[in-house]
Amino acid sequence: MPADSALPPAPDIVRSAYGTLVVTDLAEARHFWVDLVGFVVTEEDSSALYLRGYDELTHHNLIVRAGPVAAAGALGFRVRSDSDLARAEAYYAALGCRTQRLPAATVRGLGEVVRVEDPLGFLVEFFASAAHPERLQQRYDLRRGAEVARLDHFNISVPDVPKAQAYYAGLGFGLSETIEDEQTVYAAWMYRKQTVHDVAFTGGGGPRLHHLGFFAHEAHSVLRMCDILGSLSLESHIERGPGRHGVSNAFYVYLRDPDGHRMEVYTSDYYTGDPDHPVLRWSVHDPRRRDFWANPVVPSWYSDASVVLDLDEAVRPVTELAQTAEVTVGADGFTAPSPAPPE
Ligand SMILES: O=C1C=CC(S(=O)(=O)O)=CC1(O)O
Ligand SMILES: [Fe+2]
């Protein structure tokens, strides 16, 4: 990767804005994401759903589209102005990445989009202008399920966490929290908007999408989502939690959709907007790091993630973890934290 000084200016990224999931049964996925989780349908046709949360003022936070293989498509970032689209093309060309400029409305509800295969192997899209559908923030009468407000973050599974951290630092992302020891950074959380993260890196085979994180305003929404699934005997969609994170301090639950794509309902993290915002570094030996009450992380949360597509819609090959694993799966199938250092 060229030194940052040799690169043209990076696009001014405002926030992570939408994810794209390819599903093998659109009707089944619609039932999960709309009927159960409660997303609002901005637009839909026979091949795709354009969904948004109740606070989202642009066209969508999630595109769910039909395809032959369950996979993650593009991760969408909002940039500040149209000139940032040209910056994105120049920046990624200088990185040796393939880029495409898509005419307005190619992605429903958006103006021109620059689509890129980024250096980590993910498909990302940059957009500056978007349609503004009906404002739903105070339509409490419509709220259902987890009452998701907006997309909050992407969590991506990467074989080399420091490489991912350096790439996003080059895009001007701040660092809010890490999980590390003297030798390794196992995970990191980075932001453009003034909250804990727009993107997080989980060490593992990649490029894979670990999960899409969606913000809800109240911890009650996390609990209500779990109660709804329990009431319908659909508790198998609950993978991990509910609980309180150590990292981010958010209250959370993770769900798996019918194709196994992971989503998180996430609430009450914190402000990171001051220029001297200090990094919170968690020891990998701290059992409270991922769940503040030290409830164990289920093995699937570390092992499973969604494969990703390239510009040609082909599934990207997965490179195995290229650094020390954060945890090892014990003989009983549960994770065993890395051994504490000798006293
Ligand atoms: O959003 C998140 C915030 C914290 C955590 S962790 O499990 O507490 O590390 C995971 C996460 O990246 O999904
Ligand atoms: Fe998350």
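Rules and cut-offs
Residues numbered from 1 in each chain as written. Chains lettered and ligands numbered in written order. Predicted model: local features only at pLDDT ≥ 70, side-chain atom pairs only at ≥ 80, totals over all residues. Heavy atoms only, no water. UniProt positions renumbered as here; feature names shortened; annotations may be inferred. Donors = N, O, S within 2.8 Å, 3.2 Å for Na, K, Ca; no water. Helix = DSSP H or I, 4+ residues; strand = E, 2+ residues; numbered from the N terminus. Buried < 20%, exposed > 50% of the residue type's maximum accessible area, 1.4 Å probe, protein only.

Looking up the protein chain in an unreviewed UniProt entry gives the name 3,4-dihydroxyphenylacetate 2,3-dioxygenase, with the organism given as Trebonia kvetii. Regarding the protein chain, the UniProt comment filed under Sequence similarities (unreviewed entry) reads as follows: "Belongs to the extradiol ring-cleavage dioxygenase family." Checking UniProt for the protein chain, the heading Cofactor (unreviewed entry) contains the comment "Fe(2+)".

A. Molecular detail of the coordination of the iron ion (ligand 2). Protein coordination at the iron ion (ligand 2): the donors are His153 (NE2), His211 (NE2) and Glu264 (OE), at 1.9 to 2.2 Å from the metal. Here the donor residues for the iron ion (ligand 2) map to a single chain with the spacing H-x57-H-x52-E. Residue His211 is located in strand β14 (residues 208–215), and its partner Glu264 is located in strand β17 (residues 262–267); the two are separated by 53 residues in the primary sequence. For the pair shown, His211 and Glu264 are each scored as buried.

B. Local environment of the UniProt feature "domain: VOC" (unreviewed entry) in the protein chain. The positions UniProt marks with the feature "domain: VOC" (unreviewed entry) are residues 15–129 and 150–268. Between the first and last C-alpha atoms of residues 15–129 the distance is 13 Å; the span itself is 20% helix and 39% strand. Secondary structure over residues 150–268 splits into 19% helix and 46% strand, and the C-alpha atoms at its two ends are 13 Å apart.

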